[in-house]
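Below are the chains, spelled out letter by letter.
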Amino acid sequence: MLVLGLESSCDDCSAAVVEETTAGPLLRSLVRESQDAIHGPFGGVVPELAAREHLLQVRAVMAGALAQAGIGLAELDRIAVTRGPGLVGSLLATFSASKAVAWHQDLPWVGVHHLLGHLNAARFASPDLPFPALVLLVSGGHTHLYLAKDWTSLQLLQKTRDDAAGEAFDKTARMLNLGYPGGPLVDACAQAAPRAADPFTPPKFRDGKASWSFSGLKTGVKLRVERNPHLAKAGAADPQVQALCRSLQEAISAWLLKPLPEWAEAHDARSLVISGGVACNSRLRAEAATLAARLGLALAIPEPRLCTDNGAMIAAAGALLERETDPWIQNADADLKLGA
Ligand code: KG4
Ligand code: ZN
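Residue positions are counted from 1 within each chain, in the order its sequence is given. Whichever chain is written first is A, and whichever ligand is written first is 1; the rest continue in order. Where local features are concerned, this predicted model is filtered to residues with pLDDT of at least 70; where side-chain atom pairs are given and counted, the filter is 80 or more; whole-chain, interface and lining totals use all residues. Water and hydrogen atoms were dropped before computing side-chain values, which therefore reflect all heavy atoms in the structure.

### Here we look at the environment of Leu248
Turning to step 1, where the next piece is worked out: Counting from the N terminus, the helices are DSSP H or I runs at least four residues long and the strands are E runs at least two residues long. Residue placement: Leu248 occurs in helix H9 (residues 239–257).
Turning to step 2, where the next piece is worked out: Relative accessibility thresholds used throughout: buried, under 20% of the residue-type maximum; exposed, over 50%; partly exposed, between the two (1.4 Å probe, protein chains only). Accessibility expressed as a relative area gives 0% for Leu248, which makes it buried.
Turning to step 3, where the next piece is worked out: For the pair Leu248 and Lys204, spaced 44 residues apart in sequence, the C-alpha to C-alpha distance is 17 Å.

### Here we look at the packing of aromatic side chains
Turning to step 1, where the next piece is worked out: Centres within 6.5 Å are what make two rings of Phe, Tyr or Trp a pair, Trp counting through its six-membered ring; a difference in plane orientation under 30 degrees is then read as stacked, over 60 as edge-to-face, and the rest as tilted. Counted under the stated rule, the structure contains three aromatic pairs.
Turning to step 2, where the next piece is worked out: Here Phe131 and Trp151 contribute two aromatic rings whose centre-to-centre distance is 5.2 Å and whose plane-to-plane angle is 85°, an arrangement assigned as edge-to-face. Of this pair, Phe131 sits in the loop between helix H4 (114–120) and strand S6 (133–138) while Trp151 sits in the loop between strand S7 (143–148) and strand S8 (155–159), placing them 20 residues apart in sequence. Residues Phe131 and Trp151 agree in their burial class; the two are buried.
Turning to step 3, where the next piece is worked out: The lysine or arginine in question, Arg161, covers the ring of Phe205, its NZ or CZ lying 4.0 Å from the ring centre.
Turning to step 4, where the next piece is worked out: One cation-aromatic arrangement involves Arg224 over Phe200; the distance from NZ or CZ to the ring centre is 3.9 Å. Working rule: Lys NZ or Arg CZ, within 6 Å of ring centre, within 35 degrees of ring normal, means a charge sits over the ring.

### Brief notes about the packing of helix H2 (residues 47–69) against helix H3 (residues 88–105)
Turning to step 1, where the next piece is worked out: Interaxial distance between H2 and H3 falls to 8 Å at its minimum, and their mutual angle equals 35°. Classified by chirality, the crossing of H3 by H2 is right-handed. Each of Ala50, Ala51, His54, Leu55, Val58 and Met62 in H2 lies in contact with H3, whose residues at this interface are Gly89, Ser90, Ala93, Thr94, Ala97 and Val101.
Turning to step 2, where the next piece is worked out: As a working rule, the residues Ala, Val, Leu, Ile, Met, Phe, Trp, Tyr, Cys and Pro are called nonpolar, Asp, Glu, Lys and Arg charged, and the rest polar, with Gly in that last group. Here the contact of H2 with H3 is composed, by residue class, of eight nonpolar, four polar and no charged. As a rule, the C-alpha atoms of each element are fitted with a line to give its axis, helices using only the stretch in contact, and angles between N-to-C directions run from 0 to 180 degrees. Throughout, a crossing is termed right-handed when the near helix is turned clockwise from the far one, and left-handed when it is turned anticlockwise from it by less than a right angle. Only heavy atoms enter the contact rule, under which two residues are in contact if any of them lie within 4.5 Å.

### Some remarks on the site of ligand 1
Turning to step 1, where the next piece is worked out: Any residue with a heavy atom positioned within 4 Å of a molecule or strand is treated as near that molecule or strand. Of all residues adjacent to ligand 1, which total 18 residues, the nearest are Gly140, Asp170, Gly183, Asp187 and Gly277.
Turning to step 2, where the next piece is worked out: Residues adjacent in sequence count toward polar contacts only when both atoms are side-chain atoms; beyond that, a polar contact is any pair of N or O atoms within 3.5 Å, and within protein one must be able to donate a hydrogen and the other to accept it. The contact in question runs from an oxygen atom of ligand 1 to an N or O atom on the side chain of Ser139, over 3.5 Å.
Turning to step 3, where the next piece is worked out: Contact between ligand 1 and Gly166: an oxygen atom at 3.4 Å from a main-chain N or O atom of the residue.
Turning to step 4, where the next piece is worked out: Every accessible area reported is derived by Shrake-Rupley at a probe size of 1.4 Å, with residue values counting cover from the shown protein chains alone. When ligand 1 is considered free in solution it has 550 Å² of accessible area, and contact with the protein chains removes 89% of it.
Turning to step 5, where the next piece is worked out: Of all the secondary-structure elements, those providing two or more residues to the shell around ligand 1 are H4, helix H5 (165–175) and helix H6 (182–191).

That is the geometry; function is a separate question.
As structure tokens, then:
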């Protein structure tokens, strides 16, 4: 089965052709247009600009994915698109395009939950992953831990109370004037650091509920920059900036992984999936490998280009879902719940 997958829930406009085989999904093509140059000067995604840019990008992105795969629309067996959650103006660009193509080509159509997409990004390298799986989804908008009994179900275990982990990376990069998006820049800076700065204090929760919090890190970095204004001007080659990035990255990685052993035991988990943009982080990838080996869990972290938002993960999830019998009445949903 050949699936065209489309994704535009935030600031990446992406399309991919995936061939679903008995041995799992094969990536036939992947195209992504970044909008970093547009949002960079604002230090974050501007929804209205993102939506307009997707409208300009969507046709070339789809055509590019088909050309790279060496097929035409007539050879597709279905089309899959992100239904939500996300920025509604952004979602609508590929959502509407997918319905138009499905109608024109008389193609089966599937709407996919964005997070099921991130889970299925792991299916390319690990199609035989043992379940149940702990699924840590970490991006600029999500820091959620789920339990999956298969590739199409996610049950929430715990999440952040405030900021997503990706926000802590992006806002730190902004305070240090490193550029946008922050995650990869902080990562590179941290890897260059000969040593770490003082560690950040983990948050404590009085109600004892399993969760994360990353907004305190923002304040922590802000206070350090106020105390030492040199940090905001020095740039990525400065040892103090590097040391701060390393402490931040060590804190985020350690905090994200800390609750996993207890959840793994409680649910007899057999594997660990980590996906979403922050799963590109070098420290998190290395620490997760050590942890998974210690706990005897199979580990599946997609290759970096499949961790960030992309059309391939939507195609891979869409290949496993029931086709919609009446696509024309479907709509994108900014707050789409899992299982809806
Ligand atoms: O999944 P994604 O592409 O989009 C959302 O759904 O948010 O994730 C983007 C996030 C951004 O916050 C970005 O800074 C972060 O992923 N990110 C990283 C790295 N690469 C991307 N964070 C830490 N280390 C990285 N290497
Ligand atoms: Zn995402």
